[in-house]
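The lines below spell out each chain.
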Amino acid sequence: MLGWAFKNLLSRLALLVVISFISLAAVHLAPGEPSEVDPSNPRIKAEDVAKIREAFHLDEPVYKQYFFWIRDLATGELRSFKDQQPVLPKIWDRFKNSLPLFLLATLLVWTLSFPTGIHAALRRGSRFDRATTIGAYMMISIPGFFLAYVLVILIAGKLGYPVVGMSTFGLENAGGMTRFMDRVWHLTVPALLSAIGGVAVLSRYVRAEMIDVSGTDYVRTARAKGLTEDVVIYRHALRNALLPFVTMFGLLLPGLIGGSVIFEQIFAWPGLGRLGFDAILSRDFPVIITINFFAAVLTLAGTFISDLLYAFADPRIRLGGGS
Amino acid sequence: MSTLIDHHGEADTALKRDTVFQIVRRDGLVLFGLVVLFLVVVAAVAGAILTNSNAAFDPAAVRLSDKLLPPLSAVSSIVPPESHPPFGLYVFGTDELGRDVFSRMLQGASVSLLIGFVAVTISTFVGVLVGALAGYFGERKFGPLSVDSWLMRITDVFLCFPTFFLVLTVIALLPPSIYNIMIVIGLTSWMGTARFVRASFMSLREQEFVDAARALALPGWRIMFVHMLPNALGPVLVTASIGVASAILTESGLSFLGFGVQPPDATWGNILADGKHLIFDAPWLFTIPGIAIIAVVLAFNFVGEGLREAVNPRLRRA
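None of these values were measured; they are calculated from a predicted model.

As a further point, take the overall build of chain A. When its secondary structure is counted, chain A shows 13 helices and 0 strands. For chain A, the succession of helices and strands along the chain, N to C, is α-α-α-α-α-α-α-α-α-α-α-α-α. Here the C-alpha atoms of chain A give a radius of gyration of 25 Å, more than 25% beyond the 20 Å that 2.2 N^0.38 yields for 323 residues. In terms of overall dimensions, chain A has a C-alpha envelope of 85 × 60 × 35 Å along the principal axes. Taken across its 323 residues, chain A has 44% of its residues classed as buried. Across chain A, contacts joining residues at least 24 apart in sequence account for 74% of those joining residues at least 6 apart. With an accessible surface of roughly 16800 Å², chain A has 65% of that area assigned to carbon and sulfur atoms.

Printed below as a string of structure tokens:
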């Protein structure tokens, strides 16, 4: 087990180096660079462009730039091209804004999809099953921003609750309760929108898994033994049907950084997605590359954790043991 | 969606014509999907021909006297007769430049479908190629690792990039063009196909008909693509169908951020994205393309699910 974990971690580390090099090379080799963001500005002369290129090491070959990036990242000296602020605190600030959105959305996804999926599977072909099936398809087929605008019009326009931004401007001196509810309303709508796609997919997946397990021999045996239906469903079928979802806790991790650009843009939410988007627009290479790097770290860590969790949850799986 | 459910993919994955017909006849949603797709393909073909040849259908014709007219308004008398919309009627209204939304939707149908189909063709091609090579030549050594490990490592690398962010980075750094959008969406969505083509090739490799083909000394590519591939095609079609749906959605998301297909070309995504500024004054600019996108994406998803049922007997209803 330990040997497996060690080998696996090493290969993931190698993968991480490859990924970060590719993302740096891709960003640097693509046309367009920070010195060219504003080519029509007459005040920027050729010498200035040369100065900018030198200051950011843009004249060096790509592999040297890679070492510069690693060195600066490790020493915390990595600075944004745009405003000379250190990149790591910048990302950390935005991460703190994205975190509550991610947590609430995840909570919604997991608490809504399991009951829906299990219920639909147990009453297969019923009206509830058909309605949730069509509902799930609707949810994955609507362009996210279309739904967002419809919800904004409904909730802000008709009901009058605040939705855009992280809090209402001018409420800083209000009572604690008012401020809290204000934050909750600002958080709810974007979180709900981020959750909708997840609920649609996960509830279908739970349903499929539950139906799959209900057809197995051990469930038939349990019924044949004369166990009550509740015991068959909740003690025998459900526990096995839930097994694959244990691994999904690990796969949640990358969602931390893949904050939705579109929803953060619509709701003026200063999260990581928008930081990345603004960095792309202004060719802020260190920020783009570092966000990509952390996304890859979280993805690799997530799949590693999910493999481990699966082995713990399902005794039939032995990692690296002789196979 | 696709990557989540294809763990069932073993069983008998070859498509059989009779089961497809059975499922279409029994399942109203699949039938709905097929009907919508048929209508949209007709609209796209007709639209591509009409908007290029007929002045009445010119999607770029600006009529400033007739801006922001609601659907089914008649053309005003100031507009010269040669630039009248079809039948003198704005079926879907006009936008802020007085362009006929109906003509723009017709042009958008072909562009949106083209983006979906080309992107999926690219991703299916790459996915099948990578998956087939990894599954068939799996154990052959190439340098320090086997062919299978190399290809799957590359797949892992691609899986580690947040897809939408990657698409956005590349689109923003490259000059915006409809071809770049198709290629980028295609090249960032082949990993699912590759993984399950590999899985089914690994089990097909051990079967007798493959041994027989090898005994006849057929070349590897022929065994892979003529003998084995048809047996693994079912799930590929399912993913392709759902892939078209998500490519159309991705394009609309890019349009929303201003990186989609650039004007004057119309796609449903950029008509919708432009309509968002006028959502209160001219809601039809938002609802018409929105509903069109939902209908087409739903149709592709329904057809994809129908195919999934056809290729996987375990999902079929008793």
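Next, the rest of the story.
Contacts between the two partners involve 45 residues from chain B, matched on the other side by 43 residues from chain A. Across the chain B to chain A interface the summed buried area is about 4100 Å²; carbon plus sulfur atoms make up 82%. Looking only at chain B, the three residues that lose the most surface to chain A are Cys160(B), Phe165(B) and Leu173(B), adding up to 17% of its buried area. Our enumeration of links across chain B and chain A arrives at 0 salt bridges. Taken together, the connections running from chain B to chain A amount to 2 residue pairs in polar contact (both at pLDDT 80 or more). Elements that contribute at least two residues to the side of chain B that touches chain A include exactly helix H5 (147–160), helix H6 (163–173), helix H11 (233–256), helix H12 (268–275) and helix H13 (284–311) of chain B. The greatest single-element share of the side of chain B that touches chain A, amounting to 10 residues, is contributed by H13(B). Residue composition of the side of chain B that touches chain A, by class: 30 nonpolar, 8 polar and 7 charged.

All names here are of chain A. As for its placement among the helices and strands, proline 190 is situated in helix H7 (residues 176–214). Note: C-alpha distance between proline 190 and valine 17 (173 residues apart in sequence) is 34 Å. Apart from residues no more than four positions distant in its own chain, proline 190 is found in contact with Leu101, Phe267 and Trp269.

Here we come to the confidence of the model for chain B. In low-pLDDT segments, the atomic positions of the prediction should not be examined closely. All names here are of chain B. Residue-level pLDDT values for chain B average 83, and 91% of them are 70 or greater. The least confident element of chain B, judged by mean pLDDT, is helix H1 (residues 2–5) at 37; the most confident is helix H4 (residues 101–136) at 92. A low-confidence stretch, residues 1–12 (pLDDT under 50), is modelled with 24 contacts involving residues beyond four sequence positions or located in other chains.

Rules used in this analysis
Residues numbered from 1 in each chain as written. Chains lettered and ligands numbered in written order. Predicted model: local features only at pLDDT ≥ 70, side-chain atom pairs only at ≥ 80, totals over all residues. Heavy atoms only, no water. Helix = DSSP H or I, 4+ residues; strand = E, 2+ residues; numbered from the N terminus. Rg over C-alpha atoms; globule rule 2.2 N^0.38 Å. Buried < 20%, exposed > 50% of the residue type's maximum accessible area, 1.4 Å probe, protein only. Contact = heavy atoms within 4.5 Å. Areas by Shrake-Rupley, 256 points an atom, 1.4 Å probe, with all protein chains shown as cover. Buried area = accessible area lost by both parts, 1.4 Å probe. Salt bridge = Lys/Arg side-chain N within 4 Å of Asp/Glu carboxyl O. Polar contact = N/O pair within 3.5 Å; in protein donor to acceptor, adjacent residues only side chain to side chain. Nonpolar A, V, L, I, M, F, W, Y, C, P; charged D, E, K, R; others polar. pLDDT = per-residue confidence, 0-100.

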